[in-house]
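Listed below are the residues making up each chain.
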Amino acid sequence: MLKKNVLLFASAKERVGSTEVSLELTAEGETQTVTAGYVMERLGMEYPCLLDLLPSCRLAVNCEYVSEASLVPLVDSEFALIPPVSGG
Amino acid sequence: MFEPKITVELVDLEINREIYEREIAHDDVGAHAWFLGVTRRVTGDQVTKALHYEAHREMAIQQMLKIAEEAARKFSLAAVVLVHRLGTVPVGEASVLVGCSSAHRPESFSALPWIMEVLKRDVPVWKQDLDVNGAANWIHPAESNHAAES
């Protein structure tokens, strides 16, 4: 079990009331990786206030979007929950 | 083919387009094109006082750079300028500036909407509508037809 911080923005940040949350994640085997989908699932379990928002959110790892099935490293990485963007 | 010049910035104050003119100047281009997205006052029944923008700054810069570089390749541009303002943007002021230059006008005319589409899809910037009654509402893409932006 590893602790991992996830950055929050915009409506996700407001709902949780914090700019980041800490999740306990179980890595796959000895790889110290998890799937992005698992991170989203854990976010929903720990923070039910995000549940209806999560389906429209994307996860970014080290400033790049990752797909749900992507294996992402738990060490030396930045996780960010990206709600639907509205720039411009 | 040009070796494109790319300028990408997040700014916290008013965008002054003129200072970016030299960034897209090139002796071998015949077209300079600009787009400014500004805060609109009225959207349907809603009266907006300002829009407030926040971002994942590091990621926004990285995504904006990717978009600018891809646009330069895709449309054979000599230069691309992509600037987004953060913080509060009052009615009539610009939140986003896109500029580009190319040998002929079709490339620049095509590049501007493409850059804006991808920016609105991928750059982690979020806006809140601050209305005249003091309420602040996050604007989500599904509601973009109602948002007080360009």
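About the thresholds
- Residues numbered from 1 in each chain as written.
- Chains lettered and ligands numbered in written order.
- Predicted model: local features only at pLDDT ≥ 70, side-chain atom pairs only at ≥ 80, totals over all residues.
- Heavy atoms only, no water.
- Helix = DSSP H or I, 4+ residues; strand = E, 2+ residues; numbered from the N terminus.
- Rg over C-alpha atoms; globule rule 2.2 N^0.38 Å.
- Buried < 20%, exposed > 50% of the residue type's maximum accessible area, 1.4 Å probe, protein only.
- Contact = heavy atoms within 4.5 Å.
- Areas by Shrake-Rupley, 256 points an atom, 1.4 Å probe, with all protein chains shown as cover.
- Lys, Arg positive; Asp, Glu negative; His and termini not counted.
- Charge placed at Lys NZ, Arg CZ, Asp CG, Glu CD.
- Pairing = 2+ DSSP bridges.
- Axes fitted to C-alpha atoms, helices over the stretch in contact; angles between N-to-C directions.
- Polar contact = N/O pair within 3.5 Å; in protein donor to acceptor, adjacent residues only side chain to side chain.
- Disulfide = S-S within 2.5 Å.
- Buried area = accessible area lost by both parts, 1.4 Å probe.

J.: Sorry if this is basic, but what is going on with the overall build of chain B here?
T.: Counting secondary structure elements, chain B contains three helices and nine strands. Taken from the N to the C terminus, the helices and strands of chain B come in the order β-α-β-β-β-α-β-β-β-α-β-β. Computed over the C-alpha atoms, the radius of gyration of chain B is 16 Å, within 12% of the 15 Å expected from 2.2 N^0.38 for a compact globule of 150 residues. Principal axes of the C-alpha set define a box for chain B whose edges measure 50 × 25 × 25 Å. Here chain B holds 150 residues, and 49% of them are scored as buried. For chain B, contacts bridging at least 24 residues in sequence account for 75% of all contacts bridging at least 6. Just so you have it, chain B exposes about 7400 Å², and 49% of that area is on carbon and sulfur atoms. Computed over 15 positive and 22 negative side-chain charges, the separation of the two mean positions in chain B equals 2 Å.

J.: Can you walk me through the sheet that holds strand β4 (residues 58-61) of chain A in this structure?
T.: Two orientations exist for strands paired in a sheet by backbone hydrogen bonds: parallel and antiparallel. Judged by pairing direction, the sheet is mixed, and its five strands sit side by side in the order β2-β1-β7-β4-β5 (chain A) without closing on themselves. Looking at the sheet topology across the chains shown, the edges are occupied by β2 (20-25) and β5 (64-66) of chain A. Ignoring strand direction, the axes of neighbouring strands in this sheet form an average angle of 40°. One ladder, built from four bridges, connects β4 of chain A with strand β7 (residues 79-82) of chain A; its direction is antiparallel. Bridged to L59 of chain A within β7 of chain A is L81 of chain A. The sheet contacts of helix α2 (residues 57-75) of chain B involve β4, β5 and β7 of chain A, and relative to β5 of chain A the element is tilted by about 90°.

J.: Teacher, can you tell me more about the side chain of S101 of chain B here?
T.: Residues and elements named next belong to chain B. Along the chain, S101 falls in strand β7 (residues 94-102). A distance of 2.8 Å separates the side chain of S101 from the backbone oxygen of I24, its partner in a polar contact. For S101, the contacting residues outside a window of four places in its chain are I24, V29, A31, H32, L77, A78, A79 and S108.

J.: What is the right way to look at the state of the cysteines in this model?
T.: Simply put, disulfide is the name for a covalent bond between the sulfur atoms of two cysteines. Residue and element names in this part refer to chain A. Using the criterion set out here, one finds zero disulfides over all chains in the structure. Of all cysteine sulfurs, the one in C49 lies closest to C57, which takes part in no disulfide; the gap is 11 Å. Assessed through its relative accessible area of 9%, C57 is described here as buried.

J.: Which parts of the structure should I look at to understand the interface of chain A and chain B?
T.: When the parts come together, some accessible area is lost, and that loss is often what is quoted as the size of the interface. In this assembly, 21 residues from chain A lie in contact with 28 residues from chain B. Between chain A and chain B, roughly 2000 Å² of surface is buried when both sides are summed, and carbon and sulfur atoms account for 53% of that area. If you sort the residues of chain A by the area they bury against chain B, C63, S86 and G88 of chain A come out on top, with a joint share of 32%. One can count 22 residue pairs in polar contact (both at pLDDT 80 or more) joining chain A with chain B. Secondary structure elements with two or more residues in the side of chain A that touches chain B: α1 (10-16), β4, β5 and β7 of chain A. Per element, the largest residue contribution to the side of chain A that touches chain B is four residues, and it comes from α1 of chain A.

J.: I keep staring at unusual backbone geometry and nothing clicks. Help me out?
T.: Residues and elements named next belong to chain A. One non-glycine residue, C63, lies in positive phi territory at about 70°. Here C63 shows up in the loop between β4 and β5. Its identity is not glycine, yet D76 carries a phi of approximately 55°, on the positive side. Note on placement: D76 falls in the loop between β6 (71-73) and β7. Given the relative accessible area of 75%, D76 is considered exposed.

Worth remembering: the numbers are spatial, not functional.
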